[in-house]
Every structure is written in structure tokens, then in C-alpha cells.
Amino acid sequence: MAQLAPKGGEKAPGTTPDHPLGAPPDHREPLRTTRTTPNHPDHSENPGHQDHLELPMSTSGKTTAPGQPGEDTRDLARFGYRQELERSLGSFSSFAAGFSYISIMTGVFQLFGFGFGAGGPAFIWSWPLVFVGQLAVALCFAEMAGQFPLAGGVYQWSKQIARPITSWMSGWIMAIGAVVTAAAVAVAYQVILPQVSLAFEIVGSSSDAGQTATPNGAKNAILLALGLVVFTTLVNLVGVKLMAKINNFGVAVELTATTLLIAMLAIHIHRGPQVVLKTAGTGTGHSWGYLGAFLVASLMSAYVFYGFDTAGALAEETKEPRRHAPRAIIRAISAAFLAGGLLMLIGMMAVGDINSQALGSLGMPYLIKSTLGNGLGDVFLVCSAIAITVCCLAVQTAAIRLIFAMARDGRLPFGHAIAKVSPRSKTPVVPALLTGALTIALLLVNIGNQRVFYILTSVAIILFYIPYLMVTGPMLLRRLRGEWPRPQHGPYFNLGRWGTPVNAFAVLYGAAMTVNLAWPRAAVYGSDHWYYQWGAVVFTAVITAVGLGLYLRYRRSATAGREALPDAGPDAVAEEA
């Protein structure tokens, strides 16, 4: 195993030496001090000295928020990092990154059929329930994004408020989760493209079009997904400006198409909203009756409502991230809730035969084409394919920034090489290639697996919910100790007196939904092979065990190379947290 590499990104002048575990200077306690200069004697005599963030001072001597030209770069330097990524994203691009990750025309088109088949029309009640839970998480993240505008999002936030092992595990699990998510999103092409044209059904026949559960449908899904992953990898290699242009275009198409689709479906309404009370007998056979069916169907909503933290992951490429990222996080999840909820509700009120089995097998594409006709339906399916493309692009982009952030902190083997940023494209090249290669490998391993779609989907959600808990959990502990919000919180997003109840609800929801998603149900994972049925539990356990093993190995290796850990380093502070 390689030893932990030193920090890959260049550090700003006057910042502290690397911690032996590769962690950057900790920015927690004490909460506010004066920054020392590079020649200050404390820097040379105390290698464990920490620089703590202050809000910048204006020429008048008053505290000001970052926002003026160049101030974002100076703000980043206060955390010990040099500006290497290209800071070119504005408010809409920040919102678009989060919205495209959630992507209504990906998630709803992908999994509406699963939700409807598992829980009947009444499954739609999982939509507001999951939204409320994830909104609580998003509000906590909005506070974090305003305080720590750093690439890597969840990993960086966890690093600031939790023990080093917690931040390492949050980054490790989420990095794996991002690769699994990219694969799950890419597989969605099979749900859409062959229903537009059979030319996209490279393997199989018309009976496999739109299907992922048939042998040939599963193979074709992997082939289409491979093409998409190659495309998103190339875009990310070119740079963030091209990524943002494609992403912004895709989000504009998705917002416009979703609005028009809702309006056109509304013209065909011929049943009332009471349709959402019908269970279609889906509770039969469940030991908990309809509640059991409903918990299975909630997988659909859970799959859509995550990834809103992407705006925070791109903070070092966003102008005024302390102001824009928190708003983007909340706007992304709120817009998705409104648009997706209306689309499903109006769609079920408009479809001709609400009892058609095709609604459960072919899902939203069938609903649209059977209601609006093939021609107009295909137009919206093409829009969905565009949404899937930018969704996969956003997923990979966020994963690249996460891996870059961990490598820059020396938290990954060969971190120095991984964290190098191309001087031409201003993008981390190795993380882009790494995420693309791992996603392709995961797809190839699952070629022909008829359960690949739902297994990848379920595991992807779990591998995000756990890291989310590694932020909201420590955040709640700090609130209860009176350590959050910090005295230097500043004018940025603040939940105020609602902070503790919202944070507590976010933790309870996240824990409960994680258990629900991992439960080894035959309806999701199958029952013919134990390793499929227990796949989510086993895979998550293995990923966690490997992560813990890597952390302990590198920690011992790093500690062995030093006589003692500096008292003020991240580990020392974390032991007090």
C-alpha cells in the first residue's frame, strides 16, 4: 500500500504544515483567532499551530462577507488552500448542478413504474414524506455550505465538525456511492431511448424495449450506459465551463419540458385527485399489509431526493459560494418536489387506464405516450434522455470534486498525483478518469444481471444516506453542546431557533430510511440467491469494513513516521469533540 501522500493542491502562503494523517488545519476550536503571518515565530516553532477563519475586513475595518472580486480566492486561502479550480459558476449554474443531480425527468421517469407497481396510485404519498425528511437534511447542509465553501461538500463539512475517522468514512462511502449512482443513472437510458426508437435496442427485440428486467434488456441497458459514461468523462476532462454549459442547457430543457408536460397532461384529466387513495390491492401478501407495500414503494421517492448537496461540492468553482450555495441547495430540492409531485399527480389523473399493468412495467414513458400519443410522447422522452445525460454528468462532476478534495488532504493513496489540476482545463484529470473507469467497470461486472437496475439504485441511495448522517449527526451533537452555530457564523444561512428540531428530525429520518432501504426484501432484491437479497447489507458492510481498514492502516503508517502527533492537530481536537 502506498503511504499517505502529502497534500496535492498547492497551499496558500502562510498556511500550516500538513497533519501526519494528511488532514488540513482544523477550523473548529478555538473559534476565532488572529491569523499569523508566514514569518511569525509560532509557525516555525509549533508545527501543530492552526489558522482559524475570520471574516474578511473591509478598508473601514468592519467585518464584511466575501463577494467582491478576488475575495472568494482570499476566503479559500483562509482554509489553507490555493485557488486551483476555475471559479466561473454563477447562481443559476449552482442551482442547476443540484437540480440536475436530483433530475425529475430522470428519477421519476426511471422509477415511477416501480413505485406504482409496488404501491399503486397511493404510493405518491411517499413523495411529500421523503421530501420533508430530505428538506430537513438540506436545511442543515445549507448552514454548512455558508460556513465551509470548499470542494468536496459532505466530506469537507464532516471534517469540520466530526472526528477524523467520521470525515474519512463519509468521503470514502460517498465516493463509492457516487460511482454506483452514476451507473444507476446511466442505466436509465434503457428505460427511455428504446421506447423512442428501436434502433437503440442494440441487443434484443421490441419486447425488450424499455425493460431492464429481461435478459436482453439488461444487456442493452449496460451497452447504452457505457456510451453515456464515456461521454460524461470526456466532458469533465475538458473542464467545468463546458460542463456548466451542457448542464445549464439540460436543466433549462428539463424545466421547460416538465412544465409543458404537466400542462398538456392536465388537458386530458378525466378523473379526480382521489385517485391517490387507491392502493390497487398491492398490500396483499405483505405481513404489514399496505404499509409493507408502501415502504417498498418509497424507494422511488428516496432515489429522486438526494444529490442536492452538489452545489456545495462545487463551492470552489462558484462565485460567492457562501451566498449562492445555500440557496441553490434549498431551491433545487424544492423545485424538484413541486415539479415531480405535479407531474405524477396530473399524470395519474390523465392516463386512460389507471389499472393497466403497463404502468408498473413501462412506467412514465407508457403513461405519457398512451395519453399524448406517440409523436408528442417521443418529444418528451427525448427531453428525458437529455435530463438523464446531464444528471449523469452532474453525478460524476460531484464525485470528481469529492475525490479531489480527499486526495488534496492526503486522505487517499497517491494523493499528490490524484489531486493535480490540469493547468489548461483547470480540472482534476485523474479523478475524472478514475470515476469514469470505476463506473464502467461496475457496469461491465453487472452485464446481463436482470436485477442490476434496482440493486444499483438501492445501494446508491444507502451509500449517500450514511454520509449524510455523518454530517447531520455530529452537527446535532454540537447543537446540543451549544457549539453550533459558531460565534463567527456571520450573515450566512442560519436556522436560528429551529435549528435543533430540524436537525434532530433530519437524523431520525435519515436513520429510519437507511434501514428501510437496506431491508432484504424479495420485492426489491429477489429471493432466489441470498447474495442478491442481502446485497445492499453485504455491499454496504464490505465498503465500510474496507474503509475502516484503510483508515487504520494509513493512520498507523502516518503515526509511525512521527514521534508524536501535534497537540493542536485535527485528531487532538476531534478527541475533544
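Rules behind the numbers
- Residues numbered from 1 in each chain as written.
- Predicted model: local features only at pLDDT ≥ 70, side-chain atom pairs only at ≥ 80, totals over all residues.
- Heavy atoms only, no water.
- Helix = DSSP H or I, 4+ residues; strand = E, 2+ residues; numbered from the N terminus.
- Buried < 20%, exposed > 50% of the residue type's maximum accessible area, 1.4 Å probe, protein only.
- Contact = heavy atoms within 4.5 Å.
- Polar contact = N/O pair within 3.5 Å; in protein donor to acceptor, adjacent residues only side chain to side chain.
- Axes fitted to C-alpha atoms, helices over the stretch in contact; angles between N-to-C directions.
- Parallel < 35°, antiparallel > 145°, perpendicular 65-115°, else oblique.
- Left-handed = near helix turned anticlockwise from the far one by under 90°.
- Nonpolar A, V, L, I, M, F, W, Y, C, P; charged D, E, K, R; others polar.
- 1 Å grid on protein atoms, 1.4 Å probe; cavity = no way out; pocket = protein on both sides within 12 Å on 5 of 7 lines; lining within 4 Å.
- Points joined across faces, edges and corners; volume = space filled by probe spheres on them.
- Salt bridge = Lys/Arg side-chain N within 4 Å of Asp/Glu carboxyl O.
- pLDDT = per-residue confidence, 0-100.
- Phe/Tyr/Trp six-rings, centres within 6.5 Å; stacked < 30°, edge-to-face > 60°.
- Lys NZ or Arg CZ within 6 Å of the ring centre and 35° of its normal.
- Expected span 1.5 Å × (residues − 1).
- Patch = residues over 30% accessible without salt bridge, like charges linked within 9 Å, V, L, I, M, F, W, Y side chains within 5 Å.
- Areas by Shrake-Rupley, 256 points an atom, 1.4 Å probe, with all protein chains shown as cover.

## A short note on the overall build of the protein
Regarding its fold elements, the protein presents 24 helices and 0 strands. The burial tally for the protein puts 61% of its 577 residues in the buried class. Pairs at least 24 apart in sequence give 80% of the contacts found in the protein among residues at least 6 apart.

## Observations regarding the side chain of Arg322
Within the element layout of this structure, Arg322 appears in helix α13 (residues 321-350). Residue classification places Arg322 among the buried positions, given a relative accessible area of 4%. One polar contact links the side chain of Arg322 to the main-chain carbonyl oxygen of Gly146, over a distance of 2.9 Å.

## Some thoughts on the packing of helix α10 (residues 240-267) against α13
Between α10 and α13, whose axes approach to 9 Å, the crossing angle comes to 25°. On the basis of the axis angle, α10 is roughly parallel to α13. Handedness of the α10/α13 crossing: left-handed. Touching Thr258, Leu261, Ile262, Leu265 and Ala266 of α10 are Ala339, Leu342, Leu343, Ile346, Gly347 and Ala350, all from α13. Grouping the constituent residues of the contact of α10 with α13 by class yields 9 nonpolar, 2 polar and no charged.

## With respect to empty space enclosed by the protein
Across all of its chains, the model carries 8 cavities of 30 Å³ or more by this definition. Each pocket or cavity is described by its volume, and for the largest cavity that value is around 90 Å³. Taken together, 13 residues make up the lining of the largest cavity; nearest its centre are Met174, Asp309, Ala313, Ala398 and Leu402. Mapped onto the lining of the largest cavity, the elements with two or more residues apiece are α7 (164-187), α12 (310-313) and α16 (374-408). With 3 residues, α16 is the single largest residue contributor to the lining of the largest cavity. Classifying every residue of the lining of the largest cavity by side-chain character gives 9 nonpolar, 3 polar and 1 charged.

## A few points about unusual backbone geometry
The omega torsion of the bond from Trp484 to Pro485 falls at 0°, within 30 degrees of zero and hence cis. Here Pro485 shows up in the loop between α19 (452-480) and α20 (499-518). We note that Ser103 has phi near 50°; this positive angle belongs to a residue other than glycine. Mapped onto the elements of the fold, Ser103 is located in the loop between α3 (91-102) and α4 (104-119). The backbone of Phe414 sits at a positive phi, close to 55°, despite the residue not being glycine. Summarising the element assignment, Phe414 is placed in the loop between α16 and α17 (415-418). Classification of Phe414 by relative accessible area gives exposed; the value is 56%.

## What about the environment of Gly146?
If you trace the backbone, Gly146 turns up in helix α5 (residues 126-147). Along the sequence, Gly146 and Glu320 sit 174 residues apart, while their C-alpha atoms lie 9.8 Å from each other. Apart from residues no more than four positions distant in its own chain, Gly146 is found in contact with Arg322, Pro326 and Tyr492.

## A word on the pattern of salt bridges
Counted according to the given criterion, the structure contains 12 salt bridges. With a shortest N-O distance of 3.7 Å, Arg78 and Asp75 are connected by a salt bridge. Taking the shortest distance from any N to any O, the salt bridge between Arg478 and Glu483 comes out at 3.3 Å. Residue Arg478 is classed as buried on the basis of its relative accessible area, which comes to 6%. The class of Glu483 is partly exposed, set by a relative accessible area of 26%. Beyond isolated ion pairs, a larger network of salt bridges with shared partners links Glu71, Arg74, Asp75, Arg78 and Arg322.

## Observations regarding the confidence of the model for the protein
Caution is warranted with low-pLDDT regions, since their predicted coordinates should not be read in detail. Per-residue pLDDT for the protein has a mean of 85; in total, 84% of the residues score no lower than 70. Mean pLDDT across the elements of the protein bottoms out in helix α1 (residues 41-45) (31) and peaks in α5 (98). Every residue in residues 1-64 scores below 50 in pLDDT, and together they form 184 contacts with partners more than four places removed in sequence or on other chains. In the model, residues 561-577 has pLDDT below 50 throughout and makes 40 contacts with residues more than four positions away in sequence or in other chains.

## Some points on the environment of Ala311
In this fold, Ala311 is placed in helix α12. C-alpha of Ala311 to C-alpha of Ala145: the two residues are 166 residues apart in sequence and 8.4 Å apart in space. Aside from chain neighbours lying at most four places away, what touches Ala311 is Ser94, Ala325, Ala328 and Ile329.

## Examining the packing of aromatic side chains
With the rule as written, the count across this model stands at 21 aromatic pairs. Between Phe308 and Tyr468, the aromatic rings sit 5.6 Å apart at their centres with planes inclined by 45°, giving tilted as the arrangement. With a gap of 160 residues between them, Phe308 in the loop between α11 (290-304) and α12 and Tyr468 in helix α19 connect regions that are remote in the sequence. A single burial state applies to Phe308 and to Tyr468, both of which are buried. For Arg408, the ring lying beneath its charged end belongs to Tyr81, and the centroid distance is 3.6 Å.

## Brief notes about the environment of Ser356
Positionally, Ser356 belongs in the loop between α13 and α14 (358-361). Using a relative accessible area of 13% as the deciding quantity, one classes Ser356 as buried. A distance of 3.3 Å separates a polar atom in the side chain of Ser356 from a polar atom in the side chain of Tyr366.

## Details of α3
With 12 residues, α3 should reach 16 Å at 1.5 Å per residue; the first-to-last C-alpha distance of 17 Å fits that figure. Judged by how many residues are buried, α3 sits mostly within the fold: 10 of 12 residues are covered. Within α3, the full set of buried residues consists of Ser93, Ser94, Phe95, Ala96, Ala97, Gly98, Phe99, Ser100, Tyr101 and Ile102. Positive backbone phi, approximately 50°, marks Ser103, located one or two places after α3.

## Description of a nonpolar patch on the surface
On the surface, a nonpolar cluster with roughly 660 Å² of combined accessible area is contributed by Trp530, Tyr531, Trp534, Val537, Val538, Val542 and Val546. Broken down by secondary-structure element, the contributors of at least two residues to the nonpolar patch are α22 (530-533) and α23 (535-560). With 4 residues, α23 is the largest single contributor of residues to the nonpolar patch. Assignment of secondary structure puts Trp530 in helix α22.

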